[in-house]
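# A look at the structure
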Amino acid sequence: MKVAATLAVLSVGLAFGGPASAQDWREDTEDKAIHVVVAPGAKEREPIAIPDARCLAVAAGPCAMVAEVLRRDMWLSFFFRVLPPRSYLADQAVESLDHPGWRDWANIGARFLIKVEVRGPAPYSAEMRLFNVTGEQAVSVAPQTFKGLSERDLRMAAHRFANGVLEAITGTRGVFD
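Residues numbered from 1 in each chain as written. Predicted model: local features only at pLDDT ≥ 70, side-chain atom pairs only at ≥ 80, totals over all residues. Heavy atoms only, no water.

This part covers the nonpolar core. Of all hydrophobic cores here, the largest spans 32 residues; its most connected members are Val 66, Leu 70, Met 74, Ile 114, Val 118, Met 128 and Phe 161. Counting residues per element, the ones that place at least two in this core are α3 (60–76), β4 (112–119), β5 (124–132), β7 (145–149) and α5 (151–170). Take this core: its biggest share by element is 7 residues, from α5. With residues near it in sequence (within four places) discarded, Met 74 still touches Ile 48, Ile 50, Phe 80, Val 82, Ile 114, Ala 162, Val 165 and Leu 166. Within the second largest apolar cluster, 10 residues are counted, among which are Ala 90, Ala 110, Leu 113 and Phe 131. (Core = buried A, V, L, I, M, F, W, Y, C linked by side-chain atoms within 4.5 Å. Buried < 20%, exposed > 50% of the residue type's maximum accessible area, 1.4 Å probe, protein only. Helix = DSSP H or I, 4+ residues; strand = E, 2+ residues; numbered from the N terminus. Contact = heavy atoms within 4.5 Å.)

Turning our attention to the packing of aromatic side chains. The final tally for this structure, using the stated rule, is 5 aromatic pairs. Judged by centre distance (6.4 Å) and plane angle (35°), the ring pair of Trp 75 and Phe 78 falls under tilted. Using a relative accessible area of 59% as the deciding quantity, one classes Phe 78 as exposed. Taken together, the aromatic side chains of Phe 79, Phe 80 and Phe 112 make up a single cluster linked through ring pairs. (Phe/Tyr/Trp six-rings, centres within 6.5 Å; stacked < 30°, edge-to-face > 60°.)

Now for α3. Taking 1.5 Å of rise per residue, the 17 residues of α3 would be expected to cover 24 Å, and the 24 Å separating its terminal C-alpha atoms lies within 8% of that figure. Among all positions of α3, only Pro 62, Cys 63, Met 65, Val 66, Ala 67, Val 69, Leu 70, Arg 71, Asp 73 and Met 74 are buried. Structurally, α3 contributes buried residues whose contacts are with β1 (46–49), β2 (54–56), β3 (80–82), β4, β5 and α5. Positive phi appears at Phe 78, one or two residues downstream of α3, with a value of about 60°. (Expected span 1.5 Å × (residues − 1).)

Under the definition given, this model contains 9 salt bridges. A salt bridge links Glu 46 to Arg 111; the nearest nitrogen and oxygen atoms lie 3.3 Å apart. Placement of Glu 46 in strand β1 and of Arg 111 in the loop between α4 (102–107) and β4 is noted, with a sequence separation of 65 residues between them. In this structure Arg 111 comes out as partly exposed when scored by relative accessible area, which is 28%. A salt bridge links Arg 129 to Glu 127; the nearest nitrogen and oxygen atoms lie 2.9 Å apart. A single burial state applies to Arg 129 and to Glu 127, both of which are buried. Through salt bridges with shared partners, a single ionic network connects Asp 52, Glu 68 and Arg 71. (Salt bridge = Lys/Arg side-chain N within 4 Å of Asp/Glu carboxyl O.)

Everything listed here is a matter of geometry and, on its own, says nothing about what the molecule does.
What follows is the structure, given as structure tokens:
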């Protein structure tokens with residue numbers, strides 16, 4: 001008889017106070033506030049190499065500035081992880097603007113590569129190229145040729161090229177110029 005009474009109490013308890021009631025109870029006591037989680041995106045930054053610009057009849061200052069502007073813009077985009085120049089294996093004195101040594105860039109883990117050549121004296125001209133290292137191919141970026149530039153214009157050309165790189169890779173133009 002005791003067993004039958006216990007089963008009857010359990011059946012009534014499950015029928016009226018079972019999991020549905022427990023769930024309703026939890027919903028009533030839960031915090032109904034909106035919670036916003038601010039954290040890095042799930043996507044990892046793409047590794048990009050940006051060696052110093054090749055200078056042809058140009059002082060070192062303007063060339064170094066172009067590479068630094070590009071490195072900073074790519075870093076600020078939060079899409080790229082700029083690989084440290086001390087890790088680069090390619091010999092920039094030998095490697096041409098349009099034909100990178102794919103193996104050297106792949107061996108340091110670069111997915112993308114930006115190469116720059118600046119010619120002078122002022123007014124300067126600059127050629128900038130973007131490469132997909134893993135695909136071993138050039139990526140079209142508009143614009144990539146700049147002529148008749150002052151030192152200040154060289155900086156702006158680097159920003160414009162950075163915007164073009166972001167547009168070529170992500171489909172969204174950058175905000176650097």
